[in-house]
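As a plain string of letters, each chain reads:
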Amino acid sequence: MPSEVIYPLKGKRIWVAGHRGMVGSAVVRRLASEDCEVLIAGRDQLDLRRQAAVEAWMDQARPDAVILAAAKVGGILANDTYPADFLYENLMIEANIIHAAHRADVAKLLFLGSSCIYPKEAAQPILESALLTGPLEPTNEWYAIAKIAGIKLAQAYRRQHGRDFISAMPTNLYGPGDNFDLNTSHVLPALIRKAHEAKIAGANHITIWGTGAPRREFLHADDCADALVFMLQRYSDHEHVNVGSGEDITILDLARLVCDVVGFEGDIRTDPSKPDGTMRKLMSGERLRAMGWVPKISLLDGSKDAYRDWRDFNSTPRGATVDR
Ligand code: GFB
């Protein structure tokens with residue numbers, strides 16, 4: 001039995017910050033089946049890095065609740081190459097939105113972090129209590145520090161001002177609307193693109209970064225959105241909550257799975273000159289599971305869905321714009 005609903009969404013005005021991103025757009029799709037009003041603000045309309053603009057928008061829009069899915073995100077190389085962007089932009093976005101939500105008397109706010117907040121050598125599966133118990137993975141410590149600050153901000157407003165601000169820590173996500181740029185993307189969309197382009201070109205191999213030995217836990221964005229809406233309705237406490245699938249896979253096995261989905265039969269080569277990052281970050285999903293939430297989309301089905309999205313993206317007529 002799922003935990004009881006303590007924050008019903010019926011009739012609520014909910015601002016999804018970051019609605020054009022992969023997670024934000026999945027949350028908007030998920031909220032369409034709830035009897036609530038979804039508020040969005042386009043990038044041309046509101047720069048989330050500007051405090052005055054965020055406060056003005058919040059004062060005018062007056063949401064009842066906020067899902068803070070806006071963030072500067074990227075894969076291992078992007079994180080490692082642009083540390084200032086990842087730290088600065090994420091700090092500004094979350095500080096502006098969380099403080100403005102407090103000023104505007106927002107009743108409920110859900111902040112999204114990431115599994116990279118945990119120490120590099122955390123015991124697996126990683127419990128929520130592992131936060132701040134050891135050094136971070138260096139390739140993404142800038143992003144991780146920003147996300148840890150976001151968790152702490154939500155906790156601080158809860159403690160000092162009694163705000164019902166909560167945090168969710170999703171694992172590595174993938175799905176429709178993902179970034180397929182090979183320099184800045186995460187691994188799953190990168191592998192889809194590499195396998196697809198190799199198949200079309202009749203190439204005999206693809207090359208994956210690192211050794212292929214690291215393990216990652218993947219969750220489809222629609223499952224993540226479902227978990228976030230579940231938490232918004234049913235969770236109210238100080239500690240952040242992990243959101244994952246409960247299973248991990250080596251990058252080499254992931255590459256094999258993606259090649260099967262795409263129908264590429266060539267070899268998979270590794271490039272150890274590229275970073276592996278952390279060797280494993282499987283989170284414990286026990287807490288959310290105990291509240292009654294379980295994921296529904298398998299990695300195989302989800303990868304097929306992500307491959308469809310890449311083909312749609314690729315077949316978009318010239319001149320049309322697609323926001324990633
Ligand atoms: O998805 P990814 O970039 O992010 O990489 P992280 C996961 C693993 O896949 C790493 C390997 O071991 C990569 O070396 N990999 C293999 C590849 N081939 C590729 C490829 O073509 N592209 C990419 N991108 N990876 C990110 C963090 O870490 O995870 C963020 O940097 C965030 O801060 C996010 O937390 C969820 O899992 O290593």
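Numbering of residues starts from 1 in every chain and runs along the sequence as written. Reporting of local features is limited, given that this is a predicted model, to residues whose pLDDT is at least 70; pairs of side-chain atoms are given and counted only at 80 or more, and all residues count toward the totals for whole chains, interfaces and linings. In computing side-chain properties, one takes all heavy atoms of the structure into account and sets aside hydrogens as well as water.

## Quick look at the pairing of strand β5 (residues 164-170)
Regular strands have side chains that alternate between both faces of the sheet. Categorising residues by exposure relies on relative accessible area from a 1.4 Å probe, with only protein chains included: less than 20% of the type maximum marks a residue as buried, more than 50% marks it as exposed, and the intermediate range marks it as partly exposed. A helix here means a DSSP run of H or I that spans at least four residues, while a strand means a run of E at least two residues long, and both kinds are numbered starting from the N terminus. With seven of seven residues buried, β5 is to be regarded as a mostly interior element. Burial along β5 is two-sided: Asp164, Ile166, Ala168 and Pro170 and Phe165, Ser167 and Met169, pointing in opposite directions, are all buried. Strand pairing requires that DSSP identify at least two bridges connecting the strands. Inspection of the sheet shows β5 paired to strand β9 (residues 241-243) by three bridges, in the parallel sense. What sits directly across from proline 170, in β9, is valine 243.

## Thoughts on the packing of aromatic side chains
Stacked, tilted and edge-to-face are the three classes assigned to paired rings of Phe, Tyr and Trp, where Trp is represented by its six-membered ring and a pair needs centres within 6.5 Å; plane angles under 30 degrees give stacked, over 60 edge-to-face, the rest tilted. Within the structure shown, the criterion is met by seven aromatic pairs. Between the aromatic rings of tryptophan 15 and tryptophan 57, the centroid separation amounts to 4.4 Å while the plane-to-plane angle is 45 degrees, which identifies the pairing as tilted. Here tryptophan 57 lies in helix α2 (residues 51-61) and tryptophan 15 lies in strand β1 (residues 13-17), a separation of 42 residues in the sequence. With respect to burial, tryptophan 15 and tryptophan 57 carry one shared label: buried. An angle of 35 degrees between the planes, with centres 6.4 Å apart, marks the rings of tyrosine 157 and phenylalanine 165 as tilted. Using a relative accessible area of 1% as the deciding quantity, one classes phenylalanine 165 as buried. The rings of Phe180, Trp310 and Phe313 are connected pair by pair, giving a single aromatic cluster.

## Brief notes about the nonpolar core
Among the buried residues, those of types Ala, Val, Leu, Ile, Met, Phe, Trp, Tyr and Cys that are joined through side-chain atoms within 4.5 Å form a nonpolar core. By size, the foremost hydrophobic cluster in this structure holds 41 residues, and its most contacted members are Trp15, Leu48, Met58, Ile97, Leu109 and Tyr118. Elements with a contribution of two residues or more to this core: β1, α2, β3 (65-68), α4 (83-103), β4 (108-112), α5 (141-161) and β5. Excluding anything up to four places from it in sequence, leucine 48 contacts Trp15, Val54, Ala70, Met92, Ile93, Asn96 and Ile97. By size, the runner-up hydrophobic cluster in this structure holds 34 residues, among which are Ile14, Met22, Ile67 and Met291. Every residue pair with non-hydrogen atoms within 4.5 Å of one another is taken to be in contact.

## Description of the site of the ligand
The immediate surroundings of the ligand are formed by 22 residues, with Ile76, Lys194, Arg216, Pro275 and Asp276 found nearest. Taking serine 114, its side chain carries an N or O atom lying 2.9 Å from an oxygen atom of the ligand. Between an oxygen atom of the ligand and a side-chain N or O atom of lysine 281, the distance comes to 3.2 Å. Accessibility throughout is a Shrake-Rupley quantity obtained with a 1.4 Å probe, and a residue counts as covered only by protein chains that appear here. Considering the ligand on its own, with 700 Å² of exposed area, one finds that the protein chains cover 97% of that surface. For the shell around the ligand, the elements supplying multiple residues, two or more each, are α3 (76-81), α6 (187-201) and β7 (205-209). A per-element tally of the shell around the ligand places α6 first, with three residues. Classification convention: Asp, Glu, Lys, Arg as charged; Ala, Val, Leu, Ile, Met, Phe, Trp, Tyr, Cys, Pro as nonpolar; all other residues, Gly among them, as polar. Looking at the shell around the ligand residue by residue, the class counts come to ten nonpolar, eight polar and four charged. Residues are classed as near a molecule or strand on a simple rule: at least one heavy atom within 4 Å of it. Two N or O atoms count as a polar contact when they lie within 3.5 Å, although within protein this holds only if one can serve as hydrogen donor and the other as acceptor, and sequence-adjacent residues are included solely when both atoms are side-chain atoms.

## Some thoughts on the sheet that holds β1
Read across the open sheet, the six strands follow the order β2-β1-β3-β4-β5-β9; overall the sheet is parallel. Across the chains shown, the open sheet's two edge strands, defined by having one partner strand only, are β2 (37-39) and β9. The average angle at which neighbouring strand axes cross in this sheet is 25 degrees, direction not considered. Axes here refer to lines fitted to C-alpha atoms; in helices the fit is confined to the stretch in contact. Angles between the N-to-C directions go from 0 to 180 degrees. Taken strand by strand, helix α1 (residues 22-31) contacts β1, β2, β3 and β4, and its axis lies near 160 degrees from that of β1. Each of β4 and β5 touches α5; the most contacted strand, β5, lies at about 155 degrees to it.

## Overview of helix α7 (residues 221-234)
By this rule the span expected of a helix is its residue count minus one, scaled by 1.5 Å. The end-to-end C-alpha separation of α7 is 20 Å, in line with the 20 Å expected for 14 residues at 1.5 Å each. The element α7 is extensively covered by neighbouring structure, given that twelve of its 14 residues are classed as buried. Every buried residue of α7 is accounted for by Ala221, Asp223, Cys224, Ala225, Asp226, Ala227, Leu228, Val229, Phe230, Met231, Leu232 and Gln233.

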